[in-house]
Structures are given as C-alpha cells and as structure tokens.
Amino acid sequence: QVQLVESGGGLVRPGGSLRLSCAASGNIFSIYSMGWYRQAPGNQRELVAVIISGGTTNYADSVKGRFTISRDNAKNTVYLQMNSLKPEDTAVYCCNARLRVHNIARENDYWGQGTQVTVSS
C-alpha cells in the first residue's frame, strides 16, 4: 500500500503565498517523479509542476516564475512553494507520485486526496 498525504492548503489573499507538502509512504521501492495537479470547478485537471528523480522540473506556463517545486528524496516528500497567488490559482491541488513498490516491476501513478487552495480578497 502507498499513501500520499498532502498539507498546506487554505485561504490566501491575492499576492500572498502558500506552501504545499506531500509525503509518500508505504511499500515504496523507488520514486520516478512527484508532482502537483490542480482542478478548478468546471475545468479539467491540469499539471501544475513536476519534478523527476534527477531533479528536472517542468511547470505549467501559467505558474512559471511564481511557483517552485522541490523534493526531499530522503523523506519522499515534494513541496510546492506558491508565491504571487492569483484568484485563478484557486483549485483543488492533488499530489501525484509515479513510483515502484517492492516486488512489482513497473511504475504506477498514485494520488493524494487533494487540498483546497482558495485565493480571494
């Protein structure tokens, strides 16, 4: 079993900052990538940012320069520092990990339960 536990969402004013965390635990053999997706009401889920095991990062154009993804490999934890938040960043943010568990050869995607981020004055 694998669990992804997120924290750090909440209500913030435009221009403010939040930091999301996601810790993966369980029968993990190796993690290829960890990332964040978001889904606003009426919209499709979209990739926000991802970090691959070697440290390569990828961001949605809408968050470049404002969000930073980082990872603590020793803790199997990924962070998303969100600065200069805008009302359009309001969404449920879900953590994703692509990883292998022990005794299974292929990688699979695992998801957290999601955390609400609301940007409003």
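Going by the structure above, here's the rest.
Quick look at the structure, then.

Conventions used here
Residues numbered from 1 in each chain as written. Predicted model: local features only at pLDDT ≥ 70, side-chain atom pairs only at ≥ 80, totals over all residues. Heavy atoms only, no water. Core = buried A, V, L, I, M, F, W, Y, C linked by side-chain atoms within 4.5 Å. Buried < 20%, exposed > 50% of the residue type's maximum accessible area, 1.4 Å probe, protein only. Helix = DSSP H or I, 4+ residues; strand = E, 2+ residues; numbered from the N terminus. Contact = heavy atoms within 4.5 Å. Salt bridge = Lys/Arg side-chain N within 4 Å of Asp/Glu carboxyl O. Phe/Tyr/Trp six-rings, centres within 6.5 Å; stacked < 30°, edge-to-face > 60°. Lys NZ or Arg CZ within 6 Å of the ring centre and 35° of its normal. Disulfide = S-S within 2.5 Å.

**Overview of the nonpolar core**
Here's step 1: Within the largest apolar cluster, 32 residues are counted, with the highest numbers of intra-cluster contacts made by Trp 36, Leu 80, Met 82 and Tyr 93.
Here's step 2: In terms of residue count, the dominant contributor to this core is strand S9 (residues 91–101) (six residues).

**Looking at the environment of Thr 118**
Here's step 1: Relative to the helices and strands, Thr 118 is located in strand S11 (residues 115–119).
Here's step 2: When the C-alpha atoms of Thr 118 and Met 82 are compared, they prove to be 12 Å apart, with 36 residues separating the residues in sequence.
Here's step 3: Among residues more than four places away in sequence, those in contact with Thr 118 are Gly 10, Leu 11, Val 12 and Thr 90.

**A look at the pattern of salt bridges**
Here's step 1: Applying the stated rule across the entire model yields five salt bridges.
Here's step 2: The salt bridge involving Lys 64 is made with Asp 61; its shortest N-O contact spans 3.1 Å.
Here's step 3: Exposure remark for Asp 61: the relative accessible area of 65% places this residue in the exposed category.
Here's step 4: A salt bridge links Arg 98 to Asp 109; its shortest N-O distance comes to 2.9 Å. Residue Arg 98 is located in strand S9, and its partner Asp 109 is located in strand S10 (residues 108–111); the two are separated by 11 residues in the primary sequence.
Here's step 5: With a relative accessible area of 36%, Arg 98 lands in the partly exposed category.
Here's step 6: Asp 109 gets classed as partly exposed once you look at its relative accessible area, which sits at 36%.
Here's step 7: Overlapping salt bridges bring together Arg 38, Glu 46, Arg 66 and Asp 89 as one network.

**Side note on the packing of aromatic side chains**
Here's step 1: Per the counting criterion, the structure on display carries one aromatic pair.
Here's step 2: Where Tyr 37 meets Trp 111, the ring centres are 5.1 Å apart and the plane angle is 65°; that geometry is what we call edge-to-face. Highlighted residues: Tyr 37 in strand S4 (residues 28–39) and Trp 111 in strand S10, separated in sequence by 74 residues.
Here's step 3: Judged by its relative accessible area of 34%, Trp 111 falls in the partly exposed class.
Here's step 4: In this structure, Arg 19 is placed above the aromatic ring of Tyr 79, and the distance from its NZ or CZ to the ring centre is 4.1 Å.
Here's step 5: The ring centre of Tyr 37 lies 5.8 Å from the NZ or CZ of Arg 45, which sits over that ring.

**Let's talk about the state of the cysteines**
Here's step 1: For the coordinates displayed, the defined rule picks out one disulfide.
Here's step 2: In this model, Cys 22 is linked to Cys 95 through a disulfide, with the two sulfur atoms separated by 2.1 Å. Residues Cys 22 and Cys 95 are joined by a disulfide whose S-S torsion is about -80°; by sign, that bridge is left-handed. Within this pair, whereas Cys 22 is found in strand S3 (residues 18–26), its partner Cys 95 is found in strand S9, the two being separated by 73 residues in sequence. Considered together, Cys 22 and Cys 95 belong to a single accessibility category, that of buried residues.
Here's step 3: Cysteine Cys 94 remains unbridged, with the sulfur of Cys 95 as its closest cysteine sulfur at 8.7 Å.

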